[in-house]
Amino acid sequence: MKNTFTSILALSLIIVSTSAQAKGKIGHKKHRKHAVKSVVGDTSEFGVLKDKFSAHQRLTSGGGEYYTKSESRLRAEHSQLYHSIQRAVTEDRISEQDARDAINYLLKVGAKHLAAGDAASFTKTSEELSQIKKSIKAKMTEKVPAGIITPNVNRLQFQMEEAIRFGEATDRLSSGDIKSLRRKIDSLEAQEDKAKADETLSDRDHEKLLQDSREIWQDTLGKF
């Protein structure tokens, strides 16, 4: 009887140990899967380049590069406009192309103001910023069907554009890298437009857009 009880106890311990190991493996796999899905374009993912990337954002999106301390009002207009464009594209109220064009024009206005030096006109620059704002407002969709809004995908796309501008400005991305990323982003946008063409978006298509955008974002990071 004693030997039988000992054998049963040993067998039970083996089963419990095996079960715990299996759960640990499953939990580890789930954790790894979650880790991949957690990629949302956070600046911390730039690692050692995080500070430089954040500084570049402040200089461009924040207008720090273009306006002096005495031009704080222009700088505020610039920054507010930049983030209103970001908000509009994240909410699917304007297209990625419209957002890209508006941001490029905004940065050109800032660069032109900087290049003018003492001859820079506060009034003229402010009017140009207002024109961009009016142009974006005119292109904005009043009401977007809730079922097709993809904020995480759109946010990643916008962050990719910022990363490309950073890489180009600092020569950290070659022209070949930029062309390669541009093709992938354009393909993703075409895929998104097709998936939303009938103003509906299936869960399957949504998940595919998320997965593809994460992969392109990781590919972008990998080129720095």
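Above: the structure in question.
Residues numbered from 1 in each chain as written. Predicted model: local features only at pLDDT ≥ 70, side-chain atom pairs only at ≥ 80, totals over all residues. Heavy atoms only, no water.

Description of the overall build of the protein
Along the backbone of the protein there are eight helices and zero strands. Secondary structure elements of the protein, listed N to C terminal, follow the sequence α-α-α-α-α-α-α-α. Looking at the protein as a whole, 35% of its 224 residues are labelled buried. Restricting the contact set of the protein to residue pairs at least 6 apart, pairs at least 24 apart contribute 71%. Carbon and sulfur atoms make up 54% of the accessible area of the protein, which totals about 13800 Å². (Helix = DSSP H or I, 4+ residues; strand = E, 2+ residues; numbered from the N terminus. Buried < 20%, exposed > 50% of the residue type's maximum accessible area, 1.4 Å probe, protein only. Contact = heavy atoms within 4.5 Å. Areas by Shrake-Rupley, 256 points an atom, 1.4 Å probe, with all protein chains shown as cover.)

Things to note about the packing of helix 7 (residues 175–195) against helix 8 (residues 203–222)
Packing of helix 7 against helix 8 brings their axes to within 11 Å, and their N-to-C directions diverge by 170°. What the angle tells us is that helix 7 and helix 8 run roughly antiparallel. Residues Leu181, Lys184, Ile185, Leu188, Gln191, Glu192 and Ala195 of helix 7 lie in contact with helix 8, whose contacting residues are Asp205, Lys208, Leu209, Asp212, Ser213, Ile216, Asp219 and Thr220. Of the residues contributing to the contact of helix 7 with helix 8, the split by class is six nonpolar, three polar and six charged. (Axes fitted to C-alpha atoms, helices over the stretch in contact; angles between N-to-C directions. Parallel < 35°, antiparallel > 145°, perpendicular 65-115°, else oblique. Nonpolar A, V, L, I, M, F, W, Y, C, P; charged D, E, K, R; others polar.)

Comments concerning the packing of aromatic side chains
Counting across every chain of the model gives eight aromatic pairs. Their ring planes at 20° and their centres at 4.2 Å tell us that Phe46 and Phe53 sit as a pair that is stacked. Here Phe46 and Phe53 have matching classes, each one buried. By way of ring pairs, the aromatic residues Phe46, Phe53, Phe166, Trp217 and Phe224 are connected into one cluster. (Phe/Tyr/Trp six-rings, centres within 6.5 Å; stacked < 30°, edge-to-face > 60°.)

Notes on the environment of Glu162
Tracing the backbone through its elements, the reader meets Glu162 in helix 6 (residues 151–169). By relative accessible area, which is 6% here, Glu162 ends up buried. Separated by 109 residues in the primary sequence, Glu162 and Phe53 have C-alpha atoms spaced 8.9 Å apart. What Glu162 contacts, discounting residues up to four positions off in sequence, is Phe53, Gln57 and Tyr82.

Thoughts on helix 3 (residues 72–90)
Here helix 3 is 19 residues long and its end C-alpha atoms lie 27 Å apart, about the 27 Å a rise of 1.5 Å per residue gives. For helix 3, the set of buried residues is Leu74, His78, Leu81, Tyr82, Ile85, Ala88, Val89 and Thr90. For helix 3, the secondary structure elements touched by its buried residues are helix 2 (50–60), helix 4 (96–116), helix 5 (122–139) and helix 6. Phi turns positive one or two residues past the end of helix 3, at Asp92, with a value near 65°. (Expected span 1.5 Å × (residues − 1).)

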